Amino acid sequence: DTRRGTCLVAGMAFGVAWIVFIDSIIQYNMCLDRVNVDDICAWGKPPSNSTFTDAFIKDVLPSTTPAPPQWPAITGRPALVYLPGALAAVALFMVNTVEPYQLSMSYAEMVEGASPTALKIWLFVGMLAGLASIILSVWVLLDVYMRDPLLHHEPAFAAIVQSVLIFVSSGIFWVGRSYGEDDLWGSDPLL
């Protein structure tokens, strides 16, 4: 079924977009590349003998394990990296609240008070919001993350990927729902 397949692809693109972004934020906060792999817990070199005595515990092992170093927190202007994904999700909602058949004048004749012009404006604003999320994510990368040498660029690149995937997902889902008969939507128990 074409409708189900396109909606599945749109949902997968939306899910991948959020997974990419969340993973980049997690990797940024974990700061794996700053941890000393040879001595992760900062315990020092292991002893060369095989005996394990109280002296070894007191002299070599620290009483507490220090926390790994962190990158600067994503606060202030770098926190703008969260905005494009939220804007893209709102755009997806706005675009997909309008059915393609509602844009015709024959729909306005069937439903009293329906205005295809208002729906076209709503759809247009939703598409503009999706494009604005892509533009905003590129701006955050170029203006905020590229200017600060202490910030790593991964969250900003992930925000661009996220915005593009959500925008594409929105279009695929909107077009995919128009395939087939309108009265068949939701009649399949597996949907």
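Residue positions within a chain follow its written sequence, with the count starting from 1. Under the rules for a predicted model, residues below a pLDDT of 70 receive no local features and side-chain atom pairs below 80 are neither given nor counted, while totals for whole chains, interfaces and linings still include all residues. Only hydrogens and water are set aside; all other atoms, that is, all heavy atoms of the structure, feed into the side-chain values.

Student: Summarise the overall build of the chain; cite the residues concerned and give the values.
Tutor: The way it works is that DSSP assigns letters per residue, a run of H or I at least four long becomes a helix, a run of E at least two long becomes a strand, and they are numbered from the N terminus. Within the chain, the regular secondary structure consists of six helices and zero strands. The linear arrangement of helices and strands in the chain, starting from the amino end, is α-α-α-α-α-α. Residue contacts are counted whenever heavy atoms from the two residues lie within 4.5 Å of one another. Sequence separation of 24 or more characterises 79% of the internal contacts of the chain that already satisfy a separation of 6 or more. For the chain, the exposed surface amounts to about 12,100 Å²; the carbon and sulfur share of it is 68%. A 1.4 Å probe and the Shrake-Rupley method give the accessible areas. Residues count as covered only by the protein chains that appear here.

Student: Give a description of the packing of helix α3 (residues 83-96) against helix α6 (residues 154-176) that names residues and reports values.
Tutor: In the contact formed by α3 and α6, the axes pass within 9 Å of each other and the chain directions differ by 5°. Taken as axis vectors, α3 and α6 run roughly parallel relative to one another. Touching P84, G85, A88, A89, A91, L92, V95 and N96 of α3 are Q162, S163, I166, S169, S170, F173 and W174, all from α6. A per-class count over the contact of α3 with α6 returns nine nonpolar, six polar and no charged. Only C-alpha atoms enter the line fits that serve as axes; for helices the fit covers just the stretch in contact. Angles between N-to-C directions range over 0 to 180 degrees. Each angle is binned into one of four classes, with values under 35 degrees roughly parallel, values over 145 roughly antiparallel, values of 65 to 115 roughly perpendicular, and all other values oblique. Residue classes follow a fixed rule: Ala, Val, Leu, Ile, Met, Phe, Trp, Tyr, Cys and Pro count as nonpolar, while Asp, Glu, Lys and Arg count as charged, and any other residue, Gly among them, counts as polar.

Student: Summarise the environment of S170; cite the residues concerned and give the values.
Tutor: Topologically, S170 is positioned in helix α6. We call a residue buried when its accessible area falls under 20% of the maximum for its residue type, exposed when it is over 50%, and partly exposed in between, using a 1.4 Å probe and counting protein chains only. Residue classification places S170 among the buried positions, given a relative accessible area of 5%. Between the C-alpha atoms of S170 and M127, which are 43 residues apart in sequence, the distance is 8.9 Å. Setting aside residues no more than four positions away along its own chain, S170 makes contact with A91, L92, V95 and N96.

Student: Explain a nonpolar patch on the surface to me, and be specific about the residues and the numbers.
Tutor: Each patch is built from residues that are more than 30% exposed by relative accessible area and take part in no salt bridge. Like charges join if they lie within 9 Å; nonpolar side chains (Val, Leu, Ile, Met, Phe, Trp, Tyr) join within 5 Å. Salt bridges are identified by distance alone: a Lys or Arg side-chain nitrogen within 4 Å of an Asp or Glu carboxyl oxygen. Among the surface-exposed residues, I121, F124, V125, L128, L131 and I135 lie close enough to one another that they form a single nonpolar patch of about 570 Å² accessible area. By the secondary structure assignment, I135 is in helix α5 (residues 116-145).

Student: Quick one: what's the story with the packing of aromatic side chains, residue by residue and with numbers?
Tutor: Pairing of aromatic side chains here covers Phe, Tyr and the six-membered ring of Trp, requires ring centres within 6.5 Å, and sorts the geometry by plane angle: under 30 degrees stacked, over 60 edge-to-face, intermediate tilted. Here the structure, examined in full by the defined rule, presents two aromatic pairs. Between the aromatic rings of W18 and F21, the centroid separation amounts to 6.3 Å while the plane-to-plane angle is 85°, which identifies the pairing as edge-to-face. With W18 and F21 both in helix α1 (residues 2-30), this residue pair falls three residues apart, about one helical turn. By relative accessible area, W18 is classed as partly exposed at 27%.

Student: Give a description of the packing of α3 against α5 that names residues and reports values.
Tutor: Where α3 meets α5, the axes come as close as 8 Å, and the angle between the chain directions of the two elements is 160°. By the angle between their axes, α3 is roughly antiparallel relative to α5. In this structure, α3 meets α5 at a crossing whose hand is left-handed. Within the contact between the two elements, α3 uses L83, P84, L87, A88, A91, M94 and V95 and α5 uses W122, L123, V125, G126, M127, A129, G130, A132, S133, L136 and S137. Here a crossing is taken to be left-handed if its near helix is turned anticlockwise relative to the far helix by less than a right angle, and right-handed if that turn runs clockwise.

Student: Which residues make up the pattern of salt bridges, and what are the values?
Tutor: Tallied over the entire structure, the rule returns three salt bridges. The salt bridge involving R77 is made with D143; its shortest N-O contact spans 2.6 Å. Placement of the pair is R77 in the loop between α2 (54-59) and α3 and D143 in helix α5, with a sequence separation of 66 residues. R77 gets classed as partly exposed once you look at its relative accessible area, which sits at 44%. D143 sits in the buried class, given a relative accessible area of 15%. Here E99 and R177 are joined by a salt bridge, their closest N and O atoms 2.7 Å apart.

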